[in-house]
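Below, each chain spelled out in residue letters.
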Amino acid sequence: MNASLTRIGVVGGGQMGAGIAEVCARAGLDTVVCEADATAARGARERVAVSLERAVQRGKLDRISAEDALARLVFTGSLHDLADRQLVVEAVVENTDAKTDVFTALDKILEDPEAILATNTSSIPVMRLGMATRRADRVIGLHFFNPVPVLPLVEIVPSLHTSTDTVDTVEAFARETLAKTVVRSQDRAGFVVNALLIPYLLSAIRMAESGFATPADVDAGMELGCAHPMGPLKLADLIGLDTVASIAESLYDEFKEPLYAPPPLLQRMVEAGLLGRKTGHGFHTYDRG
């Protein structure tokens, strides 16, 4: 097993993938980001550049370090450009079929039989993705939190097939190289954080749906009454209501508990494209500029 992971790949350059790529580049790693095509790859680069500039403006990063980090990143529209990577982190849409397709393809493309495949899934069982490859012992969950450059936590999720060496290597990478705090979870839908968080968010959505309280009052109640930094509906908007719905569906599929079932209002909002911050409108409205 690779004792030191220095060549990193990230599949998906959206909000999460761009954040993962940024923290890898800021840690001095040779990082390649793969998107669906060249246009999407340029969008991913811009996303990272904006985030780095924001860190500079806030005094969290100096200008030279930001420029060096961006220079370490390569953006591509082809999975084949990840062939020499030691670790590839998948961060595509929260959909089992989409993630499975990525894992199956990467398993064939990666040149090193010891290369590790990690998923940033919020809720899909790691075993399901590992079994789409011929290296299930080197498949693991590596779940970051949004925004990745700011939040210090990572969940490490081995499947029943994941080897001890893989777990130890990835945990050392997260702790020592990326300077993240690590918690381990069993391979159950939602892992630790989302298994606790999603029922809370769904309860807030049901409260607004029933007319019991307005979204503004629900959020104010938890922010000012419980000292939460962000109310549950604002947080759902930040995560993305489509992602919240996908995680809820995975949890309900696994546990069949009513508290995990997506409320009708959430489903209708997703169908309407009212996804939260990324679309400018969810339970609250946002300036997308």
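Residues numbered from 1 in each chain as written. Predicted model: local features only at pLDDT ≥ 70, side-chain atom pairs only at ≥ 80, totals over all residues. Heavy atoms only, no water.

Peer 1: Explain the overall build of the protein chain residue by residue, including any values.
Peer 2: Helix and strand content of the protein chain: 11 helices and 8 strands. Taken over the C-alpha trace, the protein chain has a radius of gyration of 19 Å; the compact-globule value for 289 residues is 19 Å, and the two agree within 12%. Seen through its principal axes, the protein chain has C-alpha atoms that stretch 55 × 45 × 35 Å. Here the protein chain holds 289 residues, and the buried ones make up 49% of them. The contacts of the protein chain with a sequence gap of at least 6 include a subset with a gap of at least 24, amounting to 67%. Accessible surface, the protein chain as shown: approximately 13200 Å² in total, 53% of it carbon and sulfur. Averaging the positions of the 28 positive and the 38 negative side-chain charges in the protein chain gives two centres separated by 2 Å. (Helix = DSSP H or I, 4+ residues; strand = E, 2+ residues; numbered from the N terminus. Rg over C-alpha atoms; globule rule 2.2 N^0.38 Å. Buried < 20%, exposed > 50% of the residue type's maximum accessible area, 1.4 Å probe, protein only. Contact = heavy atoms within 4.5 Å. Areas by Shrake-Rupley, 256 points an atom, 1.4 Å probe, with all protein chains shown as cover. Lys, Arg positive; Asp, Glu negative; His and termini not counted. Charge placed at Lys NZ, Arg CZ, Asp CG, Glu CD.)

Peer 1: An account of the nonpolar core is requested, with residue identities and associated values reported.
Peer 2: With 42 residues, the main nonpolar core has Ile20, Leu73, Leu87, Leu142, Phe144, Ile156 and Phe173 as its most contacted residues. In terms of nonpolar packing, the next biggest core, distinct from the first, is built from 22 residues, Ile198, Val218, Ala236 and Tyr260 among them. (Core = buried A, V, L, I, M, F, W, Y, C linked by side-chain atoms within 4.5 Å.)

Peer 1: I'd love a proper account of the pattern of salt bridges, names of residues and values included.
Peer 2: Applying the stated criterion across every chain, the model contains 16 salt bridges. For Asp137, the salt bridge identified is with Arg138, shortest N-O distance 2.8 Å. Across the pair Glu171 and Arg184 runs a salt bridge, and its minimum N-O distance is 2.7 Å. With Glu171 in helix α6 (residues 164–177) and Arg184 in strand β8 (residues 181–184), this pair connects stretches of sequence that are 13 residues apart. Using a relative accessible area of 11% as the deciding quantity, one classes Glu171 as buried. Taken together, the shared-partner salt bridges connect Asp168, Glu171, Arg175 and Arg184 into one network. (Salt bridge = Lys/Arg side-chain N within 4 Å of Asp/Glu carboxyl O.)

Peer 1: Outline unusual backbone geometry, listing residues and values.
Peer 2: The residue after Asn146, namely Pro147, is reached through a cis peptide bond having omega 0 degrees. Relative to the elements of secondary structure, Pro147 occurs in the loop between β6 (139–144) and β7 (153–158). Within the chain, Phe191 stands out as a residue other than glycine whose phi angle is a positive 55 degrees. Within the secondary structure, Phe191 is located in the loop between β8 and α7 (193–209). Residue class for Phe191 comes out buried when judged on its relative accessible area of 6%. In this structure, Ala227 is a non-glycine residue whose phi angle is positive, near 60 degrees. Tracing the chain through its elements places Ala227 in the loop between α8 (215–225) and α9 (232–239).

Peer 1: Would you mind going over the side chain of Asn194 in detail, with residue names and values included?
Peer 2: Mapping Asn194 onto the fold places it in helix α7. Under the relative-accessibility criterion, Asn194 is labelled buried at 5%. At a separation of 3.4 Å, a polar atom in the side chain of Asn194 contacts the main-chain carbonyl oxygen of Ser122. Those residues within four positions of Asn194 in sequence are excluded, and the remaining contacts are Ser122, His143, Pro199, Ile247 and Leu251. (Polar contact = N/O pair within 3.5 Å; in protein donor to acceptor, adjacent residues only side chain to side chain.)

Peer 1: Kindly report on the pairing of β7, identifying the contributing residues and their values.
Peer 2: Of the strand pairs in this sheet, β6 and β7 are connected by 5 bridges, and their pairing is antiparallel. Directly across from His143, in β7, lies its bridge partner Glu155. Pairing of β7 with β8, which is carried by 4 bridges, proceeds in the parallel orientation. For Glu155, the partnering residue across the bridge sits in β8 and is Val183. Regarding the hand of the β-α-β motif, the stretch spanning β7, α6 and β8 is right-handed. (Pairing = 2+ DSSP bridges. Right-handed = clockwise from strand over helix to strand, strands pointing away.)

Peer 1: Describe the side chain of Asn120, and please don't skip the residues or the numbers.
Peer 2: Residue placement: Asn120 occurs in the loop between β5 (116–119) and α5 (126–130). Take Asn120: its relative accessible area is 6%, and that puts it in the buried class.

Peer 1: Would you mind going over the packing of aromatic side chains in detail, with residue names and values included?
Peer 2: All chains considered together, the criterion is met by 1 aromatic pair. Summarising the aromatic geometry, the rings of Phe255 and Tyr260 are spaced 5.6 Å apart at their centres and angled 35 degrees between planes, so their arrangement reads as tilted. You can call Phe255 partly exposed: its relative accessible area is 33%. Taking the relative accessible area as the measure of exposure, Tyr260 reaches 11% and is therefore buried. (Phe/Tyr/Trp six-rings, centres within 6.5 Å; stacked < 30°, edge-to-face > 60°.)

Peer 1: Let's hear about the sheet that holds β6: which residues, and what values?
Peer 2: Ordered in space as β3-β2-β1-β4-β5-β6-β7-β8, the 8 strands form an open sheet in which the pairing is mixed. Bordering the open sheet on either side are β3 (73–76) and β8, each of which pairs with just one other strand. Going from strand to strand, the sheet's axes swing by 25 degrees on average, the running direction of each strand aside. With 4 bridges joining them, strand β1 (residues 7–11) and strand β4 (residues 87–90) adopt parallel strand pairing. Across the sheet, Ile8 pairs through a bridge with Leu87, a residue of β4. (Axes fitted to C-alpha atoms, helices over the stretch in contact; angles between N-to-C directions.)

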